[in-house]
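Fold and geometry: a report
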Amino acid sequence: MCGIVGAVAERNVVEILLEGLKRLEYRGYDSAGVALLQPSGELTRIRRTGKVQELADAVASGEALGSTGIAHTRWATHGGVTEKNAHPHCSSDRISVVHNGIIENYLALREALTAQGYTFTSDTDTETIAHTVHAEMQKGGTLLQAVQNSVKQFHGAYGTVIMDSEDPERVVVARSGSPLVIGLGLGENFIASDQMALLPVTRRFIFLEEGDVAEITRREVHVYDVNGEPVEREVIESNIEHDAGDKGGYRHYMLKEIHEQPTVVRNALQHRVDESGLLPDIFGPGAEEIFSKVKHVQIIACGTSYHAGMTARYWLEQYANVSCSIEIASEFRYRKSVVHENSLLVTISQSGETADTLAALRLAKELGYMSSLTICNVPGSSLVRESDLSFMTRAGAEIGVASTKAFTTQLTAFLMLTLAIGKHSGITEQDQQSIVSALHSLPAKLEETLTITKGIEDLAEEFADKNHSLFLGRGDQYPIAMEGALKLKEISYIHAEAYASGELKHGPLALIDEEMPVIVVAPNNELLEKLKSNVEEVRARGGIMYVFADKNAKFSSDETMRVINVPHCEAPIAPIVYTLPLQLLSYYVALIKGTDVDQPRNLAKSVTVE
Ligand code: G6P
């Protein structure tokens, strides 16, 4: 989704800004722009629709100089994908603004500003920020004061950076509902919506909190809280390892990230589980006491993370003996729900910034949940800061918009949570041993599973010309079928639906013909015989099936069924293992179709608006 980079320095910052935007490309966007100020106050603004490279080409062909600058990648919300709607937006060539989020009362502001004589040149909500700050500047005072007065007039979400051509040695930034991080340099300072953008120039960061406004010059950073009081915010040294330019020899980030899964899952388990079970305190101080009181778990998430939560529900109820509900964040936040006694709210998110999940967490606090835990991949993110407990998935930076390694580490984390809660709610010794031993075998099992790539590449050929597909699974493989369908939709644009296979005869059987491939996930578990009956129902209606099956499950290929053997694995980790072939299938189908695998159309990595 939208990305922000800004800098205040002595040198020309244009390359830093463009490199920052490139590092944010993975989040998804449709246009990009930059505004630069020279010490004389001369303003240069360049904007382009399309890729950051097109902006970089435009910058290279002109004289783009500036020691203070702001840049942005836009993911359209208000107003189409056009150059005039791309950020930065300006007011009277004096105030320049980049903005993530949505100013919900923009229409009322626009009307009032128009009445004051301001002319709007875009269809965006963001332009109201530029004119509001400009109008405040006319009352006298500093840019900081003007921004502090302006933000009181905004409803909605914003992470915004503002420059004044008449005061070219500072930027003022404000955060409410949309993250911003200040990067500290030597004699120069930076701002971005995501620390990834700034890793080439600094590793020292201040994460702004809700309602913060900050003034940034080359040598100083002053942060003010929601009441306008000066505050000290902690400086955090980032240890993120990531070179956004490095695909490690793979053709796409997604393929690299699929192949990283054995390693990142190993990292996720390290120093957390040994042969005897979970190590103490891995969920942080206070967790044991909270877990000992848990009677119900409410999971909230979006997208792929939601599928991880759905899988966890099967595990928490089956092994940990604790009741569990799961809901999509955008639904939970807008309905009245009943809070169970001693209920633990668990949010799950790779980014830690998803607007709906964050809003759901805030609502849950008002509703009186006993405590909150987030399972997250980004240390210091909003969900981590606002939850009582946090557990890092340690997947490393995920660049491909379609989530892969973040998902399998989320599942790994949920198995550890199952053990941690189960300890207090009656997990059997046998189940505990079986989960621990399965977790130990998991990294090697994932490595083995990746060796079936060749068979899947061949299979992808048969898919690429199809328009629809059906994914089937049962039990804890039903969410994996849903995740497989989501992956195929996201990157190959083939319509894919997932069903719990017991539901087949209640509707989807009507769709079966030779043009509708049916993908089945079939580990050798207690539901295998039931699943085989569902497969026969499809076969009897002329369906063509592709079955990912345990080699002991005794499926054999024939003219209506192609069987791809998946290495045998223990039951608790089967959902994680079976995810990999489905990821590979989507990847190779997308490759044949020639879609933009890492940045699929219309999608964003981190959805920071509702
Ligand atoms: C977007 C991403 C998905 C992700 C979802 C939830 O739609 O493209 O990959 O699963 O947001 O994001 P989160 O960061 O909360 O896991």
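- Looking at an unreviewed UniProt entry, the chain carries the name Glutamine--fructose-6-phosphate aminotransferase [isomerizing], with the source organism given as Alteromonas confluentis.
- In the Catalytic activity (unreviewed entry) part of its UniProt record, the chain is described as follows: "D-fructose 6-phosphate + L-glutamine = D-glucosamine 6-phosphate + L-glutamate".
- Heading Function (unreviewed entry) of the UniProt record for the chain holds this comment: "Catalyzes the first step in hexosamine metabolism, converting fructose-6P into glucosamine-6P using glutamine as a nitrogen source."

Thoughts on the side chain of His 252
- Turning to its location among the elements, His 252 is positioned in the loop between strand S15 (236-237) and helix H6 (253-259).
- Overall, His 252 belongs to the buried group, its relative accessible area being 15%.
- Within polar-contact distance, the side chain of His 252 engages the side chain of Tyr 587 at 2.8 Å.
- The contact partners of His 252, leaving out residues within four places of it in the chain, are Lys 247, Tyr 587, Leu 591, Val 597 and Asp 598.

Quick word on the sheet that holds strand S21 (residues 371-376)
- Here 5 strands make up an open sheet; going across it, the order is S19-S18-S20-S21-S22 and the pairing parallel. Unpaired on one side and paired on the other, strand S19 (323-328) and strand S22 (389-392) mark the two borders of the sheet. Going from strand to strand, the sheet's axes swing by 20° on average, the running direction of each strand aside.
- Note that strand S20 (residues 343-349) and S21 share 6 bridges and pair parallel. For Ser 349, the partnering residue across the bridge sits in S21 and is Cys 376.
- Sheet strands in contact with helix H9 (residues 303-318) are strand S18 (296-301), S19 and S20, and its direction is about 170° off that of S19.
- Across the sheet, helix H11 (residues 355-367) touches S18, S20 and S21, and the angle it forms with S20 is around 165°.

Quick notes on the packing of helix H13 (residues 405-425) against helix H14 (residues 429-450)
- Where H13 contacts H14, the two axes come as close as 10 Å, and the packing angle between them is 155°. Comparing their axes, H14 and H13 come out roughly antiparallel. Handedness of the H13/H14 crossing: left-handed. Where H13 approaches H14, its residues Thr 412, Leu 415, Met 416, Thr 418 and Leu 419 are matched on the opposing element by Gln 432, Ile 435, Val 436, Leu 439 and Leu 442.

Concerning the site of the ligand
- The immediate surroundings of the ligand are formed by 13 residues, with Ser 305, Ser 349, Gln 350, Ser 351 and Thr 354 found nearest.
- At 3.0 Å, a backbone N or O of Thr 304 approaches an oxygen atom of the ligand.
- For the ligand, whose free accessible area comes to 390 Å², the fraction covered by protein is 91%.
- Among the elements that make up the shell around the ligand, the one with the highest residue count is H9 (3 residues).
- Of the residues in the shell around the ligand, the class split is 4 nonpolar, 8 polar and 1 charged.

Comments concerning the pairing of strand S11 (residues 204-207)
- In the sheet, strand S9 (residues 181-184) pairs with S11 via 3 bridges, with the strands oriented antiparallel. In the strand pairing of S11, Val 181 is matched with Phe 207.
- As defined by bridge partners, S11 adjoins S15 across 2 bridges and the pair is classed as antiparallel. Following the sheet pairing, Arg 204 is matched in S15 by Glu 237.

Remarks on the environment of Ser 276
- Its location among the elements puts Ser 276 in the loop between strand S16 (273-274) and strand S17 (277-278).
- The spacing of Ser 276 and Ser 437 is 161 residues in sequence and 9.2 Å in space, taken between C-alpha atoms.
- Among the polar contacts listed, one links the side chain of Ser 276 to the side chain of Asp 274, at a separation of 2.7 Å.

So, how was this worked out
- The numbering scheme is per chain: residues are counted from 1 as the chain's sequence reads.
- pLDDT decides what is reported in this predicted model: residues at 70 or higher carry local features, side-chain atom pairs at 80 or more are listed and counted, and totals for whole chains, interfaces and linings draw on all residues regardless.
- Where side-chain values are given, they derive from all heavy atoms of the structure, hydrogens and water being excluded.
- UniProt positions are given in the numbering used here, feature names are shortened, and annotations may be inferred rather than shown by experiment.
- The helix and strand labels rest on DSSP assignments: H or I over at least four residues marks a helix, E over at least two residues marks a strand, and numbering proceeds from the N terminus.
- Relative accessible area decides the class of each residue, using a 1.4 Å probe on protein chains only: under 20% of the type maximum gives buried, over 50% gives exposed, and in between gives partly exposed.
- Whenever a nitrogen or oxygen atom comes within 3.5 Å of another N or O atom, the pair is scored as a polar contact, on the condition that within protein one atom can donate a hydrogen and the other can accept it, and that pairs from neighbouring residues in sequence are kept only if both atoms are in side chains.
- Contacts are residue-level and defined by heavy atoms, with any inter-residue pair within 4.5 Å sufficient.
- Paired strands, as defined in this entry, are two strands with at least two bridges between them according to DSSP.
- Between the N-to-C directions of two axes lies an angle of 0 to 180 degrees, each axis being a line fitted to C-alpha atoms and, for a helix, fitted only over the stretch in contact.
- Orientation categories follow fixed angle ranges, with anything under 35 degrees roughly parallel, anything over 145 roughly antiparallel, 65 to 115 roughly perpendicular, and all other angles oblique.
- Handedness of each helix crossing follows the sense of rotation of the near helix against the far helix: counterclockwise by less than a right angle gives left-handed, clockwise gives right-handed.
- Throughout this document, a residue counts as near a molecule or strand when at least one of its heavy atoms sits within 4 Å of that molecule or strand.
- In these tables, accessible area is a Shrake-Rupley quantity obtained with a 1.4 Å probe, and a residue counts as shielded only by the protein chains included in the view.
- Each residue gets one label: Ala, Val, Leu, Ile, Met, Phe, Trp, Tyr, Cys and Pro are nonpolar, Asp, Glu, Lys and Arg are charged, and the others, such as Gly, are polar.

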